[in-house]
Structures are given as structure tokens and as C-alpha cells.
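# Understanding the architecture of this molecule
What follows is the residue order along each chain.
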Amino acid sequence: MNEVKQQNEQLKTENQTLKQQVVATQAKAEQANETAEALAVATEEAVKASAAQESKTSIGGYGELHYNNLQNQGSGADKDEIDFHRFVLFFNHEFNDRLRLFSELELEHSISGDGQNGEVELEQAYIQYDINDKHRVNAGLFLVPVGLLNETHEPNTFYGVERNNVEKNIIPTTWWEGGVMFSGELAPGFSYDAAMTSGLSVDYTNSDSSKKYAVRGGRQKVSEADASDFAYTGRLKWTAIPGVEVATSLQYQEDITQGNDPDAGSAVLWEAHTAIQQGNFGFRALYATWHLEGDGPKSVGADKQMGWYLEPSYKLTDAIGIFTRYSLWDNQAGSSVDSEVRSWDLGVNWWLDPQVVVKFDYQDQDAENEDDEFDGFNVGEGYQF
């Protein structure tokens, strides 16, 4: 009897030990599960945080390849060349809901360096801050708010292989400066821009009188730019009707030579344009004029520089559009000499995708000076992403 009792006691002790071991094992298992769950949650949160950070940084860009086959009607050289004109990358970052960075880095003509045709240029690098829901401020290096192409010039957004000559020689696109700009909405569909920036410094010593005081040569590109005289630009834009834009810009600079030429003075640019896209029909028109003070610009007729163009277009399909453009520009319009250049351009755009385009156009460019006459065709492809 005692022996049976002892066996029962021993069995009870062993059962108790087994129970304790089971409880300990369950506790370890639960702890392991909790650790695994915590690790999984931490990993998921880290992935989300990384994804959120990545989503605040974006990369984009555009590029365009051109083939030009143009015959000069004077003593100048014909143009028969293929050129990867531009390769551009955008790097943008959103710091928070109100603060962001925009930047644009461009390589022109495929290769740069000593003796090469190309350049590496920083076209945009500015911080944008939302003052409130309707107004914001940009500070840094940005595109001047003037014209149709200066701010929006990706190849899939306009007709023609090359950018039009009025916005090239008179605006002059692409034109960027360093400074500060306030922008916002005054009323539904009615916006404004007001900028104080570095200014132009035109060449007044060129042996070629046709290039003296020409505004395109005055772009300093914010590269150790002479800032003796700032420029002040304002723009009003109306977009209340979908597919319609009407805008005007005005710029004033106290001295367009940055004080280097005592025979030159202030400069005023006025520009107005409209862009319409209603159904398949499109239309663009732009007028721009400069008035330069001083005997220096007046002596070569550069005291007035002007240009305008009309460009109707039509989309045959969603992918194919045709256009024609008549343009006239003159960087010596103040002279009694006929220095106008006139051009007829017509062609077709084929969008393989809304962001990829193939272009063809024919141009007939006439001028009193036959060296400015070029006739022929251009072929190009471009993309944006």
C-alpha cells in the first residue's frame, strides 16, 4: 500500500514538472511570436517611411534630336547636320506640404568641354514656398515669366522641330535669371507673377552691327552675372475658359549693359500672347517688342527690337497634327534699313505617345540680307517623362 502511495506521489511530481515545462515552452513561443510580430511591424513601418520619402522626390526630363537641311540663299554656309540638341533632367523634392525644390540640368549638343559645341547648364534651381492656398514665392534660379515657350518648351508641347525664331531672338527663349518671384491667383482663372531678378548685359562692342545690343546675346545665365542693374518683370494671365490662355508681360531694366556702356540706358520689354485649343483646332499668336534708351542702341537701330507670329494648327487624329506659322522679327527695327526677317513654316507632328513625338517641317525664310535667308526642311524626335 505504501508502495502504491509513493508511486502516486512520484507521478504527481512528474506531472507537475511536465506542466511547468509546457507552460515555459508556451511562454517562450508567445514571446517569439511577439518578437516576430514586432519585427514585422517595424519592417513595414520602415518600408512605408522609405516609400513616403521616395515619393517626395521625383525625376523627369526631356530630350530632342534634330536633323536640319537648310540652304542659305546668300554667301553664308548651308546647314546640313544632325544634332542631339538637348538632354535635360529634372530633379524635384517636396520637403513638406508647403515647401519644395525644383531643378533642371541640361546638356546641349551632346558633349561639352574645351573645343566642344555643347554646354552643361543649370536652367532652374529654386525653392518654392506656399504663402497660403492662393499665393506662393519662388527664390533661386528660375525661368522668366514671359511668352509661350520660355516656361513650357518640352518638344511634345509645341509644333515645329526648332523653337520659333520670335521667341528665340526677341524674348529670348530659353531665358532664366536668379532672384525672387511672387505668384498667385487674383480671381478664378486670373493669375499674376511679379519678379525681381538679375538682368541682361548685352554686347555693345561687336564688330557686326547687326549683333550690337541684340537681346539674346545679353543672357548672363546667372554665371557670376553682373548684378549692377536688376530687372523687374510682371505678368498677368487669364485662363478662365478651358483651352484658352491670354497673357501679357512687362519687364523693365535700368541699364541693359549693366552700366558698362555710357551710351546705353534703360530697356523695356512688352509681350502679349494667346494660345487656344478648342477640339481639334489650335491657334497661337504672340507679339513682343523691346525699347532701348540711349544713343548707342539708336545708332544701329537696336533701340527698337520686335517680332510676332501667327500659328494655326489642326489635329487630324489624336496622334497627328498639322500646322503653319508666319513669323517676323527684327533686332534693328529702329533703323531705316530693311532688317526684317520673315519666315513661313509648315509641318506635321506625330505623337507616338502623348510624351513622345516625331516632327517634320519645311521653312521658307526671307530677308533683305540674303545671308539671313534659309530654305529647307527639318526632322526631329523628342520625348518627355
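Below is a summary of the structure that appears in this document. (Residues numbered from 1 in each chain as written. Predicted model: local features only at pLDDT ≥ 70, side-chain atom pairs only at ≥ 80, totals over all residues. Heavy atoms only, no water.)

## A word on the overall build of the protein chain
- A count of helices and strands for the protein chain gives 3 helices and 16 strands.
- The buried share among the 385 residues of the protein chain stands at 39%.
- Carbon and sulfur atoms form 55% of the exposed surface of the protein chain, whose accessible area is close to 20,400 Å². (Helix = DSSP H or I, 4+ residues; strand = E, 2+ residues; numbered from the N terminus. Buried < 20%, exposed > 50% of the residue type's maximum accessible area, 1.4 Å probe, protein only. Areas by Shrake-Rupley, 256 points an atom, 1.4 Å probe, with all protein chains shown as cover.)

## Topic: the side chain of Gln363
- On the secondary structure map, Gln363 appears in strand E15 (residues 356–367).
- According to the relative accessible area criterion, Gln363 is buried, its value standing at 9%.
- Polar contacts involving the side chain of Gln363 include one to the main-chain carbonyl oxygen of Phe374, which spans 3.4 Å.
- A polar atom in the side chain of Gln363 sits 3.4 Å from the side chain of Asn378.
- Excluding residues within four positions of it along the chain, Gln363 makes contact with Leu70, Ser343, Trp344, Asp345, Phe374, Asp375, Gly376 and Asn378. (Polar contact = N/O pair within 3.5 Å; in protein donor to acceptor, adjacent residues only side chain to side chain. Contact = heavy atoms within 4.5 Å.)

## Remarks on unusual backbone geometry
- Along the chain, Ile171 connects to Pro172 via a cis peptide bond; the corresponding omega equals -5°.
- Residue placement: Pro172 occurs in the loop between helix H2 (165–169) and strand E6 (176–187).
- Thr173 connects to Thr174 through a cis peptide bond whose omega is -5°.
- Along the chain, the position of Thr174 falls in the loop between H2 and E6.
- Backbone geometry places Ser110, a non-glycine residue, at a positive phi of 75°.
- In this structure, Ser110 sits in the loop between strand E3 (99–108) and strand E4 (119–130).
- Positive phi values are uncommon outside glycine, yet Gln258 reaches one of about 60°.

## Quick notes on the packing of aromatic side chains
- What the rule picks out here adds up to 12 aromatic pairs.
- Ring centres of Tyr159 and Trp351 lie 5.7 Å apart, and the angle between their planes is 80°; on these two criteria the pair is classed as edge-to-face. Here Tyr159, found in the loop between strand E5 (135–143) and H2, pairs with Trp351, found in strand E14 (residues 341–353); they are 192 residues apart in sequence, far enough to count as distant. The pair Tyr159 / Trp351 is uniform in exposure class, with both members buried.
- For the pair Trp270 and Tyr287, a centre-to-centre distance of 5.9 Å together with 55° between the ring planes defines the contact as tilted. One end of the pair, Trp270, is in strand E10 (residues 267–278); the other, Tyr287, is in strand E11 (residues 281–292), and 17 residues separate them in sequence.
- Judged by its relative accessible area of 39%, Trp270 is partly exposed.
- An aromatic cluster is built from Tyr67, Phe360 and Phe377, whose rings are joined through pairwise contacts.
- The positively charged end of Lys359 is found above the aromatic ring belonging to Phe158, 3.7 Å away from the centroid. (Phe/Tyr/Trp six-rings, centres within 6.5 Å; stacked < 30°, edge-to-face > 60°. Lys NZ or Arg CZ within 6 Å of the ring centre and 35° of its normal.)

## As for the environment of Pro155
- One can find Pro155 in the loop between E5 and H2.
- Counting along the chain gives 228 residues from Pro155 to Tyr383, while the straight-line C-alpha distance between them is 6.5 Å.
- Apart from residues lying up to four places away in sequence, Pro155 is in contact with Tyr62, Gly63, Glu64, Val357, Lys359, Gly382 and Tyr383.

## What about a nonpolar patch on the surface?
- On the surface, Ile59, Phe91, Leu105, Val120, Leu122 and Phe385 cluster together into a nonpolar patch covering about 570 Å² of accessible area.
- With respect to the helices, strands and loops of the structure, Leu122 is situated in strand E4.
- Among the residues examined, Leu122 registers a relative accessible area of 43% and is labelled partly exposed. (Patch = residues over 30% accessible without salt bridge, like charges linked within 9 Å, V, L, I, M, F, W, Y side chains within 5 Å. Salt bridge = Lys/Arg side-chain N within 4 Å of Asp/Glu carboxyl O.)

## A look at the pairing of E6
- Note: E5 against E6, 9 bridges, orientation antiparallel. Along E6, the bridge assignment pairs Arg136 with Ser183.
- Pairing geometry for E6 and strand E7 (residues 190–197), over 8 bridges, is antiparallel. Following the sheet pairing, Ser183 is matched in E7 by Asp193.
- Between E6 and E7, which pair antiparallel and follow one another directly, the connecting turn spans 2 residues, one of which, Gly189, has a positive phi of 80°. (Pairing = 2+ DSSP bridges.)

## Remarks on the nonpolar core
- Grouped together as the largest cluster of nonpolar side chains are 26 residues, with contacts concentrated most on Trp175, Tyr213, Ile256 and Trp290.
- If you list the elements that add at least two residues to this core, you get E10 and E11.
- By residue number, the principal contributor to this core is E11, which donates 4 residues.
- Contact partners of Trp175, with chain neighbours within four places excluded, come to Leu143, Val144, Val146, Asn150, Leu200, Arg219, Gln251, Leu269 and Trp290. (Core = buried A, V, L, I, M, F, W, Y, C linked by side-chain atoms within 4.5 Å.)

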